[in-house]
Amino acid sequence: MAGDHLVVVTRTALLGFMLAAASVASLATALMFGSLPIGFTAVLDSIVFPAPGIIHDVIWNLRAPRAFAAFACGGLLALAGALLQVLLRNALADPYVLGVSSGASLGALLALSLGAGAAAMNLSAFGGAVAALVVVFGLTYRSGDWNVYRLLLTGVVLSAGLSALISLTLVLAPDAQVKGMLFWLMGDLSQTTSALPAWLILGALAALGVAASFQLDLLALGDLKARSLGVAVGPLQLGVFAAAAVATVTAVVLGGAIGFIGLMAPHAIRLAGATSHRILLPLSALLGGTVLTLADTAARTAWAPQQLPVGIFTALLGVPAMLLLLSRQR
Amino acid sequence: MLSCTDLTLKVPGRELCRGLSVAFEPGQAWAVLGRNGTGKSTLIHALAGLAAPAAGEVALDGVALDTLSARARARRLGVLLQMESGTWWGTVLEYVLLGRFPHASPLSGYSCEDIAHAHAALGQVGTGDLAARKLVTLSGGERQRVRIAQILAQQCGIVLLDEPLQHLDLAHQAQVLNLIGREVRERGQTAVMVLHEPLWIGRSCTHAVILNGDGSAVAGPAADVITRERLEHAYGCALREIGDGGGRSFVPDV
């Protein structure tokens with residue numbers, strides 16, 4: 001019996017080690033590839049002995065900010081997905097079930113159709129995301145007894161309505177703007193400014209999630225059972241909602257509506273054998289960050305110098321991997 | 001000691017019980033009886049502090065239950081729900097370990113001692129060999145025994161069990177009732193069980209509450225409360241009493 005436990009601990013440690021290594025490797029890959037290929041030794045050289053020059057500029061002014069933004073964005077989406085899956089007790093929950101991405105998309109598209117710049121567009125996306133959250137929260141929250149099914153359905157219904165408005169905006173928009181809009185809808189990290197706030201938010205939310213991980217495990221059993229085992233379910237649900245909302249809004253403002261990662265990263269970790277939230281949350285964040293960093297590198301490189309929407313590559317990379325994992329499960 | 005005073009329970013449009021006052025003392029095993037939909041689970045939820053009564057109070061050693069923290073309550077009161085709304089994707093051992101949550105540190109989690117308690121509880125219901133299995137792969141009866149193991153691992157002085165015998169075969173029904181009976185007799189535990197099995201009611205409980213469905217209820221020692229007439233009134237069907245050396249049983253007289 002103690003032996004079983006040891007095997008589980010060892011396997012989890014191995015999984016964590018592999019994902020940490022993959023995270024570093026994905027960031028290194030992002031620094032090496034692009035319109036101008038840079039060798040591994042040249043990248044190392046630039047890190048250890050920074051010297052001004054074109055390689056240094058490409059690595060530190062162009063690629064590094066974008067790579068770190070992609071990683072934080074993917075980590076936040078995966079974290080939000082894992083949190084919402086346990087809050088809503090629904091395996092199909094993803095960061096966008098609360099209407100955040102549709103709200104943000106509508107905001108961004110309206111700003112784009114008015115010819116706004118990047119800053120105004122981000123602000124408008126942020127406003128749309130928060131407005132959608134406020135509507136969903138206001139319609140569903142009842143102190144003491146929060147029906148998570150109503151929360152889920154309200155989010156889905158609101159998203160459907162917003163999607164119609166997004167289509168309308170696309171149809172009515174001037175032709176010159178439509179391509180930029182489509183990029184935004186499929187996820188686009190090329191407008192990245194600073195990734196530091198996103199990293200701080202990711203770190204803080206992951207730490208909070210780990211601190212509350214045993215309560216989250218119990219929440220998976222249902223409200224009543226969690227309460228009977230001593231969890232203050234009401235405050236915990238509010239906290240999870242708030243954390244998922246902050247993570248999703250941050251990610252969406254950073255990278256647009258990038259799909260797939262928030263839904264699938266937590267499931268991939270669960271399929272690999274880690275169900276406890278203490279392990280699930282940090283490892284999902286690492287996996288989400290790694291996948292998005294690699295996908296964004298591919299989006300920059302595959303058709304260089306033309307850039308493609310990253311959302312296409314998260315699916316192209318993620319879908320075969322997930323199908324393989326699923327088919328190997330008994 | 002768990003007690004309720006002037007307890008009134010309602011669901012929309014109906015009163016389930018009115019002004020019920022009962023003291024559930026240590027060393028007593030209570031049966032909660034009544035037809036489907038008469039409020040047995042609602043009573044269990046109210047006694048567990050999981051649902052607020054329409055009127056009246058539930059108290060633990062004289063202290064109102066709703067003034068205790070959820071954690072303090074969970075250390076003394078274990079609740080087996082009839083149904084759990086969530087799904088546990090982890091192993092049986094991890095599931096039973098959740099019962100140790102009220103005793104474990106909320107930040108650093110479960111200790112080796114907690115794991116030992118979980119293994120011991122699994123052994124008590126004869127499911128020690130299932131520890132490493134995924135919970136979702138178990139049969140209904142195996143899962144029910146594992147759910148009971150979780151309550152045992154919680155180590156509470158008072159247990160509220162909503163249909164502890166559901167899905168269990170005869171031998172395991174006897175095993176679980178013997179287990180609970182031993183905890184009650186030897187350790188002074190209080191058990192309150194929703195039971196449907198007329199086979200066991202007469203022989204495994206020292207006391208009983210009967211909810212009649214019209215808001216009236218009877219509560220007291222088994223000898224006074226568990227009579228053929230009262231059960232016939234509660235269930236609305238004719239019964240036959242069978243007595244042997246081990247106690248009394250009731251079967252439908254059809």
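Residues numbered from 1 in each chain as written. Chains lettered and ligands numbered in written order. Predicted model: local features only at pLDDT ≥ 70, side-chain atom pairs only at ≥ 80, totals over all residues. Heavy atoms only, no water.

1. Points about the nonpolar core
- Formed by 145 residues in total, the largest nonpolar core has its most connected members in L98 of chain A together with L33 and V96 of chain B.
- Counting residues per element, this core draws most heavily on helix α3 (residues 54-87) of chain A, which supplies 14 residues.
- Among the domains, domain 1 (1-67 + 261-330) and domain 2 (79-257) of chain A are the pair contributing at least three residues each to this core.
- L33 of chain B has contacts with K40, L195, I201, A208, V209, I210, L211, L231 and Y235 of chain B, leaving out every residue within four places of it along the chain.
- Core analysis: the second largest hydrophobic core is formed by 29 residues, L16, V32, I44 and A48 of chain B among them. (Core = buried A, V, L, I, M, F, W, Y, C linked by side-chain atoms within 4.5 Å. Buried < 20%, exposed > 50% of the residue type's maximum accessible area, 1.4 Å probe, protein only. Helix = DSSP H or I, 4+ residues; strand = E, 2+ residues; numbered from the N terminus. Domains from an automatic or database assignment. Contact = heavy atoms within 4.5 Å.)

2. Section: the domain arrangement of chain A
Residues and elements named next belong to chain A.
- What the domain assignment lists for chain A is domain 1 (1-67 + 261-330) and domain 2 (79-257).
- On a C-alpha basis, the centres of domain 1 and domain 2 stand 22 Å from each other.
- Every contact between the two is made by 23 residues of domain 1 and, on the other side, 28 residues of domain 2.
- Summed over the three residues of domain 1 that lose the most area to domain 2, namely H277, R278 and L281, the buried surface amounts to 31% of that side.
- Counting every contact that joins domain 1 to domain 2 gives zero salt bridges.
- Our count for the contact surface shared by domain 1 and domain 2 stands at eight residue pairs in polar contact (both at pLDDT 80 or more).
- At the level of secondary structure, the elements contributing two or more residues to the side of domain 1 that touches domain 2 comprise α3, α12 (261-271), α13 (277-301) and α14 (310-328).
- Considering each element in turn, the side of domain 1 that touches domain 2 owes the most residues, seven residues, to α13.
- The residue makeup of the side of domain 1 that touches domain 2, split by class, is eleven nonpolar, eight polar and four charged. (Buried area = accessible area lost by both parts, 1.4 Å probe. Salt bridge = Lys/Arg side-chain N within 4 Å of Asp/Glu carboxyl O. Polar contact = N/O pair within 3.5 Å; in protein donor to acceptor, adjacent residues only side chain to side chain. Nonpolar A, V, L, I, M, F, W, Y, C, P; charged D, E, K, R; others polar.)

3. Side note on the pattern of salt bridges
- In the structure shown here, the tally under the stated rule is twelve salt bridges over all chains.
- The partner of D114 of chain B in a salt bridge is R100 of chain B, with the nearest N and O atoms 2.9 Å apart. A residue pair is termed long-range when its members are at least 10 positions apart, and D114 of chain B in helix α4 (residues 112-124) and R100 of chain B in the loop between α3 (92-97) and α4 qualify at 14 residues. Accessibility assignment for this pair places D114 of chain B and R100 of chain B in one class, buried.
- Here the salt bridges do not stand alone but share partners, grouping R66, D296 and R300 of chain A into one network.

4. Remarks on the state of the cysteines
- One pass over the full model with this rule turns up zero disulfides over all chains.
- Counting only cysteine sulfurs, C205 of chain B is the nearest neighbor of C237 of chain B, a cysteine outside any disulfide, at a range of 18 Å. (Disulfide = S-S within 2.5 Å.)

5. Re the sheet that holds strand β3 (residues 29-34) of chain B
Residues and elements named next belong to chain B.
- Here six strands make up an open sheet; going across it, the order is β6-β7-β8-β3-β9-β10 and the pairing mixed. The sheet terminates laterally at β6 (77-80) and β10 (217-221), the two strands that pair on one side only. With direction set aside, neighbouring strand axes in the sheet form an average angle of 10 degrees.
- Of the strand pairs in this sheet, β3 and strand β8 (residues 190-194) are connected by four bridges, and their pairing is parallel. Within β8, the position partnered with W30 by the bridge is V192.
- Here helix α5 (residues 140-154) sits on the sheet and contacts β6 and β7 (158-162); the angle it forms with β6, its principal contact strand, is near 175 degrees.
- Where helix α6 (residues 170-187) meets the sheet, its contacts fall on β3, β7 and β8, and the angle it forms with β8 comes to roughly 150 degrees. (Pairing = 2+ DSSP bridges. Axes fitted to C-alpha atoms, helices over the stretch in contact; angles between N-to-C directions.)

6. Some details on a nonpolar patch on the surface
Residue and element names in this part refer to chain A.
- Residues F40, L44, I47, V48, F49 and W60 make up a contiguous nonpolar surface patch of roughly 600 Å² in combined accessible area.
- Tallying contributions element by element places helix α2 (residues 40-48) first for the nonpolar patch, with four residues.
- With respect to the secondary-structure elements, W60 resides in helix α3.
- Given a relative accessible area of 31%, W60 falls into the partly exposed group. (Patch = residues over 30% accessible without salt bridge, like charges linked within 9 Å, V, L, I, M, F, W, Y side chains within 5 Å. Areas by Shrake-Rupley, 256 points an atom, 1.4 Å probe, with all protein chains shown as cover.)

7. So, α5 of chain B
Residues and elements named next belong to chain B.
- With 15 residues, α5 should cover 21 Å at 1.5 Å per step; its first-to-last C-alpha distance of 21 Å lies within 8% of that length.
- With twelve of its 15 residues buried, α5 lies for the most part within the structure.
- Every buried residue of α5 is listed here: G141, Q144, R145, V146, R147, I148, A149, Q150, I151, L152, A153 and Q154.
- Just past α5, the residue Q155 takes up positive phi, approximately 50 degrees. (Expected span 1.5 Å × (residues − 1).)

8. Examining the side chain of S105 of chain A
- Following the sequence through the fold, S105 of chain A ends up in helix α4 (residues 100-113).
- Once you skip the residues sitting within four places of it in the chain, S105 of chain A turns out to touch I166, W184, L185 and A257 of chain A.

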